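# A structural walkthrough
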Amino acid sequence: MGLLTGKTAVITGAARGIGKAIALKFASEGANIAFTDLIIDENGKNTETEIAALGVKVKGYASNAANFEDTANVIKQIHEDFGSIDILVNNAGITKDGLMMRMSEAQWDAVINVNLKSAFNFIHACTPIMIRQKGGSIINMASVVGVHGNAGQCNYSASKAGLIALAKSIAQELGSRGIRANAIAPGFIITDMTARLSDEVKAEWNKRIPLRRGGTPEDVANIALFLASDMSSYVSGQVIQVDGGMNM
């Protein structure tokens, strides 16, 4: 028996990267996986295949997480397909970096909509199901820049700070219904996005990290597993930084 056997997890933006690592980790512990992405392309199909090989039920759904109606429809379909929704991981996210003085309204709106409004959409759609089930775990994928800010990322930082406050507020609202809500704040994680950075930038990051290395998607997935499982049954409204000690 795995830590999540018999549970269904919904993970947004999980066709690749950290979301995919979380999906695979959950599946390895027995969870059935419903994941969403803007389109289910070859990456999404490969993710489905890898998860299915672990012996659990899995399906990828094409959905615009930033669209309220799309989200309501996809959650209705997932609930029909899987029968329950026990875990929600709000992982969908984008970056459109730039200094405040040069940032366009479109850059601001796009990041807030995909990173923050999507979490509202999914929590709004999933919580009635979790309330009827008398329990659930909601995990918002924030960032250390949502805790400490970062020059050139005011839109991204604001969206991630919003995810932290959202988790804390939901924890207060729905704790009496057995629903927990927490946030994970990754630091410098080695993904396709960070792999494109120069060696000099990576070396500078590593100097700032006490553990002297970037994190892996699996490092984040391990914390997500803890928060999704009964190991954290008395943990709610918290922010766990996964950053190698970079921001103590």
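Please refer to the structure higher up on the page.
Quick look at the structure, then. Starting from 1, residues in each chain are numbered consecutively following that chain's sequence as written. Totals for whole chains, interfaces and linings use all residues, but because this is a predicted model, local features are given only for residues with pLDDT of at least 70 and pairs of side-chain atoms are given and counted only at 80 or more. Side-chain numbers come from the whole structure's heavy atoms, not from hydrogens or water.

### Brief notes about the sheet that holds strand β5 (residues 136–141)
When DSSP finds at least two bridges between two strands, those strands are taken to pair. Labels follow the DSSP assignment, with helices taken as runs of H or I lasting at least four residues and strands as runs of E lasting at least two, numbered in each case from the N terminus. As summarised here, the arrangement of the seven strands in space is β3-β2-β1-β4-β5-β6-β7, forming an open sheet in which the pairing is parallel. At either end of the open sheet lies a strand with only one pairing partner, and these are β3 (58–62) and β7 (239–242). Direction aside, the axes of adjacent strands within the sheet are offset by 15° on average. In this sheet, strand β6 (residues 179–186) lies alongside β5 in parallel orientation, the contact comprising six bridges. In the strand pairing of β6, methionine 141 is matched with isoleucine 184. Between two residues, a contact is recorded if the distance between any of their heavy atoms is within 4.5 Å. Angles run from 0 to 180 degrees between N-to-C directions of axes, and those axes are lines fitted to C-alpha atoms, restricted for helices to the stretch in contact. Sheet contacts for helix α3 (residues 68–82): β1 (8–12), β2 (32–37) and β3; angle to β3, the most-contacted strand, approximately 165°. Running over the sheet, helix α9 (residues 217–228) touches β4 (87–90), β5, β6 and β7 and is turned about 165° from β6.

### A short note on the packing of aromatic side chains
For Phe, Tyr and Trp, where Trp contributes only its six-membered ring, two rings pair if their centres lie within 6.5 Å, and the inter-plane angle classes them as stacked under 30 degrees, edge-to-face over 60, or tilted in between. Under the criterion given, the structure shown has two aromatic pairs. Ring geometry for phenylalanine 68 and phenylalanine 120: centres 6.0 Å apart, planes at 25°, overall stacked. Remark: phenylalanine 120 occurs in helix α4 (residues 105–133) and phenylalanine 68 occurs in helix α3; sequence separation between them is 52 residues. Among the residues examined, phenylalanine 68 registers a relative accessible area of 36% and is labelled partly exposed. Between the aromatic rings of phenylalanine 188 and tryptophan 205, the centroid separation amounts to 5.0 Å while the plane-to-plane angle is 20°, which identifies the pairing as stacked. Here tryptophan 205 lies in helix α8 (residues 199–208) and phenylalanine 188 lies in the loop between β6 and α7 (192–195), a separation of 17 residues in the sequence. Burial here depends on accessible area, computed with a 1.4 Å probe over protein chains only, as a share of the maximum for the residue type. Under 20% is buried, over 50% is exposed, and the range in between is partly exposed. Judged by its relative accessible area of 24%, tryptophan 205 is partly exposed. One cation-aromatic arrangement involves lysine 57 over phenylalanine 82; the distance from NZ or CZ to the ring centre is 4.7 Å. Positioned above the aromatic ring of tryptophan 205 is the side chain of arginine 208, whose terminal nitrogen or guanidinium carbon lies 4.9 Å from the ring centre. By definition, being over a ring means that NZ of Lys or CZ of Arg is both within 6 Å of the ring centre and within 35 degrees of the ring normal.

All we've got here are geometric facts, nothing functional implied.
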